[in-house]
Amino acid sequence: MTTRPPPAERLTFARAFTLDFAPGTSISFVNLASLYPVLAVPAAQRRDFVWYGDGFLLLGLLRLLTGGRLPRLPRVSFDYTSIAPAVFAHCQDAGLPLYLVGARAEELAAFVAKLRAHYPGLRVVGAHPGYFPAQDWTTTCQAIAASPARVLLVGLGGGLQERFIAAARAHGFTGTALTCGGFIRQTAGSAALRYYPDWINRLQLRFLYRMVQEPHTVRRYLLDYPRHALRLARDLLAGRLVIDVVGAPAAPPRPAPWTPAPDPGGR
């Protein structure tokens, strides 16, 4: 009997960024470091997210490895080089209560203090450190669902944060959920609200800045990125991974020209 190969994993990116606060919307971001932890999340849970590429290297590789068949995609991430200011400003202006999960207790407290100083009208109705055992997920998710939070921001690292949001949904949270990786910890430890100096951001040297400021990321950039890039190439060429784009035009018409944001950022 011939054994059929397992079905290909799929990941669907949004072609254009839309900050959607509709109830039930889940938004997450993926780069070369988080790609395979994200693909380890059950497919049924991944399909509940709107995905964006957080890193020009990943987006460029996807275009290269697909022969340019994918349209150019915007780099979007949750930090102050991208959408974080818009999210917090909207939560403040629209009166959307926010719940935070991530970082260590002291880092989380420092982050909340910074948020309240810069967004005095922002309601932070809950904050839970990110270092807690899996057996505590149920009580934490129940507390989130029982709170008045309309927006949930989770920074637990690629793969784990998406699973946590899925668990919060299963326990009744119906608001908007976004992932943020190490954003809470980075912001808590920086002198200003913005983690990256302006000149670093302009020159797109964020990866070098992170390697200096966060030595644990050296392994990520020098080992994990090349390893994941090779695995990505093998999986795409072998058909084990399929990348889709929501809203992409059908071939042969060419995608409309992409206009980058004034401050595109990157990792």
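Coordinates for the structure precede this section.
A quick note: this is a predicted structure, and the numbers were derived from the prediction, not measured.

> How should the side chain of K114 be read in this particular structure?
Within the secondary structure layout, K114 lies in helix α5 (residues 105-118). In this structure, K114 is buried with no salt-bridge partner, the nearest side chain bearing the opposite charge being E107 at 11 Å. Apart from the residues within four sequence positions on either side, K114 is in contact with T187, A188, S190, A191, A192 and L193.

> For this particular structure, what's the right way to read the packing of aromatic side chains?
Aromatic ring pairs: the centre-centre distance and the angle between the two ring planes describe each pair. By the definition in use, this model includes 14 aromatic pairs. Through a chain of ring-to-ring contacts, the aromatic side chains of F78, Y80, F88, F111, Y119 and F183 assemble into a single cluster. Here the basic side chain of R104 rests over the ring of Y131, its NZ or CZ set 4.1 Å away from the ring centre.

> Even after reading the chapter, I still don't get helix α10 (residues 206-213), so can you show me in this structure?
The α-helix advances 3.6 residues per turn, and as a result positions three or four apart in sequence lie on the same side. Those residues of α10 that sit buried are R206, Y209, R210 and M211. On its buried face, α10 sits against α8 (183-189), α9 (198-202) and α11 (217-238).

> How should I be thinking about the pattern of salt bridges in this particular structure?
Pairing is possible between side chains that carry opposite charge, provided their charged atoms lie close to one another. This model, assessed by the stated rule, comprises 9 salt bridges. For D79, the salt bridge goes to R75, with nearest N and O atoms at 3.3 Å. Taking the relative accessible area as the measure of exposure, R75 reaches 6% and is therefore buried. A salt bridge links R240 to D235, with the shortest nitrogen-to-oxygen separation between them at 2.9 Å. R240 sits in the partly exposed class, given a relative accessible area of 44%.

> Sorry if this is basic, but what is going on with the environment of L232 here?
Tracing the sequence through the fold places L232 in helix α11. With a relative accessible area of 0%, L232 lands in the buried category. Between the C-alpha atoms of L232 and L58, which are 174 residues apart in sequence, the distance is 9.5 Å. Not counting chain neighbours up to four residues away, the residues in contact with L232 comprise L32, L35, Y36, L58, L61, L62, L65 and L241.

> How do you make sense of the packing of α10 against α11 when you look at a structure like this?
Geometry of a packed helix pair, given as the angle between the helix axes and the separation of the axes. Look at α10 against α11: their axes get within 7 Å of each other, and the N-to-C directions meet at 135°. As summarised for this structure, α10 and α11 are arranged oblique, according to the angle between their axes. Residue-level contacts link F207, R210 and M211 of α10 to T217, V218, R220 and Y221 of α11. A per-class count over the contact of α10 with α11 returns 4 nonpolar, 1 polar and 2 charged.

Parameters at a glance
Residues numbered from 1 in each chain as written. Predicted model: local features only at pLDDT ≥ 70, side-chain atom pairs only at ≥ 80, totals over all residues. Heavy atoms only, no water. Helix = DSSP H or I, 4+ residues; strand = E, 2+ residues; numbered from the N terminus. Buried < 20%, exposed > 50% of the residue type's maximum accessible area, 1.4 Å probe, protein only. Lys, Arg positive; Asp, Glu negative; His and termini not counted. Salt bridge = Lys/Arg side-chain N within 4 Å of Asp/Glu carboxyl O. Contact = heavy atoms within 4.5 Å. Phe/Tyr/Trp six-rings, centres within 6.5 Å; stacked < 30°, edge-to-face > 60°. Lys NZ or Arg CZ within 6 Å of the ring centre and 35° of its normal. Axes fitted to C-alpha atoms, helices over the stretch in contact; angles between N-to-C directions. Parallel < 35°, antiparallel > 145°, perpendicular 65-115°, else oblique. Nonpolar A, V, L, I, M, F, W, Y, C, P; charged D, E, K, R; others polar.

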